[in-house]
Number of protein chains: 2
Amino acid sequence: MDSLTPADTGQKEALARRYGADAVPPAGPWNEVIATLLDHRSVRGYRPDPVPAGTLETMVAAAQSAATSSNMQWTSVVAITDPDKKKKLAEWAGNQKHIEQCPLYLCWVTDMSRNSAISTAEKVAFETMPWLETFLVACVDVALAAQNAVVAAESIGLRTVYIGAMRNEPEKVAELLGLPPQCFVLFGLCVGYAAEQAVGEVKPRMPQAMMLHRERYDATAAQAGRTVHDAEMLRFSARQEMQAGTWTQRVLNRLGPIKSMNGRERLRATLNRMGFELR
Amino acid sequence: MDSLTPADTGQKEALARRYGADAVPPAGPWNEVIATLLDHRSVRGYRPDPVPAGTLETMVAAAQSAATSSNMQWTSVVAITDPDKKKKLAEWAGNQKHIEQCPLYLCWVTDMSRNSAISTAEKVAFETMPWLETFLVACVDVALAAQNAVVAAESIGLRTVYIGAMRNEPEKVAELLGLPPQCFVLFGLCVGYAAEQAVGEVKPRMPQAMMLHRERYDATAAQAGRTVHDAEMLRFSARQEMQAGTWTQRVLNRLGPIKSMNGRERLRATLNRMGFELR
């Protein structure tokens, strides 16, 4: 794909939106694909309009085009448009109304059931299945696939938000979707056109110096970077009329009290019951 | 972004390359972003040419633009260009020469150390850290970020391949990169220009009917789909002069014997030693 000149697609503006004016990284290669990636924001309010015909199949083709470890293809997708199902899922996710609102809700499934069935059909024991490693690589597969689907959706003007709260009630979700053992909804994804008030701003991220290391990990930039990021998140929160102004405050709120996990501290035991040994 | 007409960017051809002529899904929305996603193939041979100036920063900006759960930003990247380091990493990954060859090698780190340091600095106990859930969401964060970086790289003509074999020797890798406790290289990523012989073909994936479910999971399509996918992978393998012709045979080879894990069945114990409790 031809590179566009930065002026064509607002490279500097895009980088400043992502990092804040005080932490803009050097401008590298740029084109419409990269501009699409940089413009991501999670959207939590949707118009009722349906997605264009063929959107689901195109998102899935993009998802399946992502790398998959050893081509094992651990991903399944359950596409939900049924209002009653979306209502239940929204409730279990702590009343996230955008799950009900969005015209298309995708449940991204870590699916070890499909490959396990090959063990049975071909009468070959699969010694690799009960290990944490195999579960982890399957979840990574699912995440890579879903992110490609998100990029595809955003490239045609749709918006999305990942729903980690599917892990609040994994067994209820699995039952509603008819999942067999060894299948688990890793996360959900709302897809649709953003409601006018819900597009929001690009959310700032920490300066690159905090997380990009050269040749060797170096933690020394993290403290100074955090001050810069706190200030930027404070400005962002003020503009968005959000609480928990600094990034540090958000980290303390989210990672401090166990109640912020909404029961997900039980995940390992739940997964064991659902057919994942995680040895 | 404007949609292009299918003829402009070869939508039908792209879908046929991905699924084989016998399993082409319906053609939905299409544009250059989607064409870039569909064209992915993992590349295991690189020219020595360096990547363009600013590529690393652009890939990282794309990575940081991916969704991150509650904005906790669990990702670190260690960028390696040092030949000695790449040589060691290549050896530990089972002599994957492309790690040495590629001009830029990225180690994608599940970094719980950076946020743990905030607990210490702010004198607030982080009750959420020792749980499997928190580790899993951090790994998903890293995967979403890395996939955005891959899309950015491929959009400017670079190629990549994920290296799961960083998990063969997680502690050696961590020591080489100077990682603190609670940091773990989830996977590596080679980045560079493909050597002429190494571009390869788009690798076929299973028919959508095998993995895309509507409203409710339905396993009945999996058996018929597997026959179609086996035949397509057999044709692909013959063209590529690869062994293990059918997809089923690859699954049996990869998931059957525990020796195919190259020691990764020890991952849980290793992670425990590296500071991840995974309760």
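Calculation rules
- Residues numbered from 1 in each chain as written.
- Chains lettered and ligands numbered in written order.
- Predicted model: local features only at pLDDT ≥ 70, side-chain atom pairs only at ≥ 80, totals over all residues.
- Heavy atoms only, no water.
- Pairing = 2+ DSSP bridges.
- Helix = DSSP H or I, 4+ residues; strand = E, 2+ residues; numbered from the N terminus.
- Axes fitted to C-alpha atoms, helices over the stretch in contact; angles between N-to-C directions.
- Contact = heavy atoms within 4.5 Å.
- Phe/Tyr/Trp six-rings, centres within 6.5 Å; stacked < 30°, edge-to-face > 60°.
- Buried < 20%, exposed > 50% of the residue type's maximum accessible area, 1.4 Å probe, protein only.
- Lys NZ or Arg CZ within 6 Å of the ring centre and 35° of its normal.
- Salt bridge = Lys/Arg side-chain N within 4 Å of Asp/Glu carboxyl O.
- Domains from an automatic or database assignment.
- Buried area = accessible area lost by both parts, 1.4 Å probe.
- Polar contact = N/O pair within 3.5 Å; in protein donor to acceptor, adjacent residues only side chain to side chain.
- Nonpolar A, V, L, I, M, F, W, Y, C, P; charged D, E, K, R; others polar.

*Asks:* Quick one: what's the story with the sheet that holds strand S2 (residues 104–111) of chain A, residue by residue and with numbers?
*Replies:* The mixed open sheet is built from five strands, whose spatial order is S3(A)-S4(A)-S2(A)-S1(A)-S5(B). Looking at the sheet topology across the chains shown, the edges are occupied by strand S3 (159–163) of chain A together with strand S5 (212–214) of chain B. In this sheet, neighbouring strand axes are inclined to one another by 25 degrees on average, regardless of whether the strands run parallel or antiparallel. The pairing of strand S1 (residues 75–80) of chain A with S5(B) spans three bridges and is parallel. Bridging from a neighbouring strand, A:Val77 pairs with B:Leu212 of S5(B). Docked against the sheet, helix H8 (residues 132–155) of chain A engages S1, S2, S3 and strand S4 (183–192) of chain A, running at close to 155 degrees with respect to S2(A).

*Asks:* An account of the packing of aromatic side chains is requested, with residue identities and associated values reported.
*Replies:* Residue and element names in this part refer to chain A. Tallying each qualifying case throughout the model produces eight aromatic pairs over all chains. Here Tyr162 and Phe187 contribute two aromatic rings whose centre-to-centre distance is 4.9 Å and whose plane-to-plane angle is 80 degrees, an arrangement assigned as edge-to-face. In this pair, Tyr162 sits in strand S3 while Phe187 sits in strand S4, placing the two residues 25 residues apart along the sequence. An identical accessibility class is assigned to Tyr162 and Phe187; each is buried. The ring of Trp131 carries the charged tip of Arg279 above its face, separated from the ring centre by 5.2 Å.

*Asks:* Describe the sheet that holds strand S4 (residues 183–192) of chain B, and please don't skip the residues or the numbers.
*Replies:* If you trace the five strands from one edge of the open sheet to the other, you get S5(A)-S1(B)-S2(B)-S4(B)-S3(B), paired in mixed fashion. Each edge of the open sheet is held by one strand with a lone partner, namely strand S5 (212–214) of chain A together with strand S3 (159–163) of chain B. Here the strands of the sheet are splayed against their neighbours by 25 degrees on average, with no regard to which way each runs. With respect to the sheet, helix H8 (residues 132–155) of chain B is in contact with strand S1 (75–80), strand S2 (104–111), S3 and S4 of chain B, its orientation differing from that of S2(B) by roughly 155 degrees.

*Asks:* Quick one: what's the story with the pairing of S3(A), residue by residue and with numbers?
*Replies:* All names here are of chain A. Across the five residues that make up S3, a large majority, five, are buried. Across the two faces of S3 the burial is the same, with Arg159, Val161 and Ile163 and Thr160 and Tyr162 all buried. The sheet contact formed by S3 and S4 spans five bridges and is antiparallel. Bridge assignment links Arg159 to a residue of S4, and that residue is Gly192.

*Asks:* Give me the lowdown on the pattern of salt bridges, citing residues and values where you can.
*Replies:* Here the structure, examined in full by the defined rule, presents 30 salt bridges over all chains. Across the pair A:Arg41 and A:Asp39 runs a salt bridge whose closest N-O atoms are separated by 2.7 Å. Here B:Arg273 and B:Glu171 are joined by a salt bridge, their closest N and O atoms 2.8 Å apart. Of this pair, B:Arg273 sits in helix H13 (residues 267–273) while B:Glu171 sits in helix H9 (residues 170–177), placing them 102 residues apart in sequence. In this structure, a network of salt bridges that share partners links the residues A:Asp22, A:Glu232 and A:Arg235.

*Asks:* I'd love a proper account of the domain arrangement of chain A, names of residues and values included.
*Replies:* Residue and element names in this part refer to chain A. Domain annotation of chain A identifies domain 1 (6–39 + 201–240) and domain 2 (55–199). Spacing between the C-alpha centres of domain 1 and domain 2 amounts to 29 Å. At the interface, four residues of domain 1 touch five residues of domain 2. When domain 1 packs against domain 2, close to 330 Å² is buried across both sides, 51% of that on carbon and sulfur atoms. Among the residues domain 1 hides against domain 2, the three largest losses belong to Thr36, Leu37 and Asp39. Together they make up 84% of the total. Here domain 1 is connected to domain 2 by one salt bridge. With a shortest N-O distance of 2.8 Å, Asp39 and Arg159 are connected by a salt bridge. Applying the counting rule to domain 1 against domain 2 returns one residue pair in polar contact (both at pLDDT 80 or more). Of the residues in the side of domain 1 that touches domain 2, the class split is one nonpolar, one polar and two charged.

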